[in-house]
Amino acid sequence: MELLPRSPAEFGSARYWDRFFRQRGQRAFEWYGTFPELCSVLHKYVRPRDKVLVVGCGNSELSEQMYDTGMCEDIINIDISDAVIRQMQERSGSKRPKMSYLLMDMLQMDFPDAHFQVVLDKGTLDAVLTDEEEVTLAKVNKMFAEISRVLQVGGRYLCVSLAQAHVLKKAVEYFSQEGWVVRVHQVASSGDKQQFILPVFVYVMTKFRKIPGSAPQILEICPEEQDKPMRVDSVEQLVAAVKDRQHYALLCSQLSKSPCGEQVSLDLCDKESGRPRYTLHVVDSPSVKPCRDNHFAIFIIPQGRETEWLFGTEEGRRQLATSAGFGRLVTVALHREQHYEGMAGIQAELSGKVMELAPPGLPAWQQVPFLSVGGDIGVRTVRHCDTSPLSGEYVVEDVKGDGTCYFRRLIFLRNRNVVQSEARLLASVPLPGQKKRRKDKKKPSPAEPPTAIDKSYLCCEHHKAMVAGLCLLRVPNPLPGTRLAVLVVGLGGGSLPLFIHDYFSQARVAVVEIDPSMLEVATRWFGFSQGDRMQVHVSDGLDYVAKLATEVSVLPPAAPAQYDAIMFDVDSKDLTVGMSCPPPAFVEKHFLQKVKTILKPQGVFVLNLVCRDIRLKDSVLATLREIFPLLYTRRIEGEVNEILFCQLSPEGRWDPTELEAHARALEQDLQQPGRPWDSSYALADMLQALKIL
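Residues numbered from 1 in each chain as written. Predicted model: local features only at pLDDT ≥ 70, side-chain atom pairs only at ≥ 80, totals over all residues. Heavy atoms only, no water.

- An unreviewed UniProt entry lists the protein chain under the name eEF1A lysine and N-terminal methyltransferase, from Pedionomus torquatus.
- Check the Sequence similarities (unreviewed entry) section of the UniProt entry for the protein chain; it says "Belongs to the methyltransferase superfamily." (UniProt positions renumbered as here; feature names shortened; annotations may be inferred.)

Following this line, the structure appears as structure tokens:
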């Protein structure tokens, strides 16, 4: 039996609806939900003594149930279908004497002005506003004008809708321009999502007298999980907020029916501020064999550890889900701008929402475990927030790592999941001659995090590899006591130049940093300082290198170039390019020629390359090979970073055995008194993985 119209225009035809209801018979046709689903919203806006008009009533049971439950009795129902009006008059009969059904066109109603306190529309606007043709919009304007005419000031137009963008936008724009208050409610789902995947909304338009001039619009949205409405600033924001909820409903429907092939990511936002509070990733593990209680689990990532490979990458999360042994794992990252009341508070806050992401076939009795590392939510303390004209918003924060270690991190908020700089923290110790605390004085809490910077520790694996690249220098036996000239482009927190300065006691380090804010951050928060062997030049690295190359070019031919080692560790501010480090201009051929000019013949040029665009990376490597005949690469496990070691002389190629011996000798000499060499650096082990390109 064909009940749907041949074209959307038929939704406005009385003949179509007569045929529809004759074919359907006595079975109630409920557009967009039943009375139990809608009553919690209707109760807020319909009072027992209100005079209610239902437009396009059809054969819905909504009016009857409103009447029978005592919500309201003075109800007039109208429809353009004679068949359905006669059907409903027979059905109600004398059982509901105060309620009536009238054959009437809502575009031309016979009621006097200001006759009703409530006009209720369940799906009628959606049926009329099927497109944005001029004829359709004129009909909708006439509908709205009639509803406005028959409503009293203070009266409410309640429109139940699926909130397609063009429908919502039209209704909100029309009534807000008339000076009405507009609020959109999301209707709580009954749990049966077979009929409608998309959520149902109720627009509540409250009539006010129009104030001459430009009165501010009052636009609000009230999600299903809360009663308190949230104010929005524009029609566009309201439409976008509704669209977000529709996308979420579609996502939940998809996840409830089948495993997700790709990881799904979504943000849950704070109700008050609208800012992201939790970032969720849904990870399915087809290889996990299902059993009684391993269908579904939630994993809370400790604060500050969301950037780690295991939690911050697709492959890492896939490995986490497999090792946890659950068919579906939802990882939850906590945002730095938010406050959390421990694991129990997070569990209470998320329990209802994460169940909407449950896998198909999850037993109703199944308890879903909340997992974490060590059972807590970690520690994150924001030390400093600011905005740089060049780097944008940034934050310095202390976080607790795995075990008892604490780390200080610099994060650029434009790329909040990437640690820009990191340093290990040490508990502060008394200076020589400083008196110890008296026993009767209060001792620091054992939970109090350390604050002193451990300058001997390199947190970043790519920094360790860059330091290991100094082994490629052919200089008299090993480097610590040898005079070295090193140029580092990109300061960040300063850990890389600081380490070279402190361990290579004769090294003279020049650092180029374009952003003066970063020099202030490194000095104040990461223990960086300048001196005779460490100088920072606040300049664009491109300009600085070009200036040096020009100076070298006017020197006599016998004059030596300036640097034994040049290191580029500079990020790109342009996130649209597939290479985030370095900026593309730093690897263009004419600029690399300038780098070659200031590098000593036996020197090494070390480049931190982060490039996800394969073609772009191949192009960069080809350009480097044109300038530097000898090119090694060192891939950083679990990261996108590759460290490139470039040298000018192919005759300088090392024998692997000779290079390993050289690296171990260097490592031994770097073990200075009072500054132990961390065995995890293992320079020789790092160099074993070098590949010649």
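Here the narrative resumes, following the displayed structure.
**A word on the side chain of Asp284**
Okay, so step 1: For Asp284, the location among the structural elements is in strand β11 (residues 276–284).
Okay, so step 2: A residue is classified by how much of its surface remains accessible, and Asp284, at 14% relative accessible area, is buried.
Okay, so step 3: A polar atom in the side chain of Asp284 sits 2.7 Å from the side chain of Arg328.
Okay, so step 4: If we ignore the near neighbours within four places in the chain, the residues touching Asp284 are Pro259, Cys260, Gly327 and Arg328. (Helix = DSSP H or I, 4+ residues; strand = E, 2+ residues; numbered from the N terminus. Buried < 20%, exposed > 50% of the residue type's maximum accessible area, 1.4 Å probe, protein only. Polar contact = N/O pair within 3.5 Å; in protein donor to acceptor, adjacent residues only side chain to side chain. Contact = heavy atoms within 4.5 Å.)

**Quick look at the sheet that holds strand β3 (residues 100–103)**
Okay, so step 1: Strand order in this open sheet of nine strands is β3-β2-β1-β4-β5-β7-β6-β8-β9, and the pairing throughout is mixed. Only two strands of the sheet have a single neighbouring strand rather than two, namely β3 and β9 (230–232). On average, each strand axis in the sheet is tilted by 20° relative to the strand beside it, whichever way the strands run.
Okay, so step 2: Two elements, strand β1 (residues 52–55) and strand β2 (residues 75–79), share four bridges in a ladder whose sense is parallel. Looking at the pairing, Val52 lines up with Ile75 of β2.
Okay, so step 3: Most of the contacts of helix α4 (residues 82–92) go to β3, to which it runs at about 165°, and overall it touches β2 and β3.
Okay, so step 4: Along the sheet, helix α8 (residues 235–257) makes contact with β6 (181–186), β7 (201–206), β8 (219–222) and β9, crossing β8 at roughly 15°. (Pairing = 2+ DSSP bridges. Axes fitted to C-alpha atoms, helices over the stretch in contact; angles between N-to-C directions.)

**Let's talk about the nonpolar core**
Okay, so step 1: Residues Leu53, Ile78, Phe111, Leu125, Phe144, Tyr157 and Tyr203 are the most contacted members of the largest nonpolar core, which totals 43 residues.
Okay, so step 2: For this core, the element with the highest residue contribution is helix α7 (residues 165–177), accounting for six residues.
Okay, so step 3: Non-local contacts of Ile78, meaning those with residues more than four positions away in its chain, are made with Leu53, Val54, Val55, Gly56, Cys57, Ile85, Leu102, Met104, Met106, Met109 and Phe111. (Core = buried A, V, L, I, M, F, W, Y, C linked by side-chain atoms within 4.5 Å.)

**Digging into the pattern of salt bridges**
Okay, so step 1: The full count for this structure, using the stated rule, is 34 salt bridges.
Okay, so step 2: Salt-bridge contacts for Arg380 lead to Glu306; the nearest nitrogen and oxygen are separated by 3.2 Å. Taken together, the residues Arg380 in strand β15 (residues 380–388) and Glu306 in the loop between β12 (296–300) and α9 (309–312) connect sequence positions 74 residues apart.
Okay, so step 3: Beyond isolated ion pairs, a larger network of salt bridges with shared partners links Glu64, Asp68, Arg91 and Arg96. (Salt bridge = Lys/Arg side-chain N within 4 Å of Asp/Glu carboxyl O.)

**A few points about the sheet that holds strand β13 (residues 328–334)**
Okay, so step 1: The strand order β10-β11-β13-β12-β14 describes an open sheet built from five strands, whose pairing is mixed. The open sheet is flanked by β10 (264–269) and β14 (370–372), the only strands paired with a single partner. Adjacent strand axes in the sheet meet at a mean angle of 25° when their direction is disregarded.
Okay, so step 2: The sheet contact formed by β11 and β13 spans seven bridges and is antiparallel. Residue Val282 lies in a different strand from β13, and its bridge partner there is Val330.
Okay, so step 3: Set on the sheet, helix α11 (residues 342–354) makes contact with β10, β11, β12, β13 and β14; between it and β14 the angle comes to about 130°.

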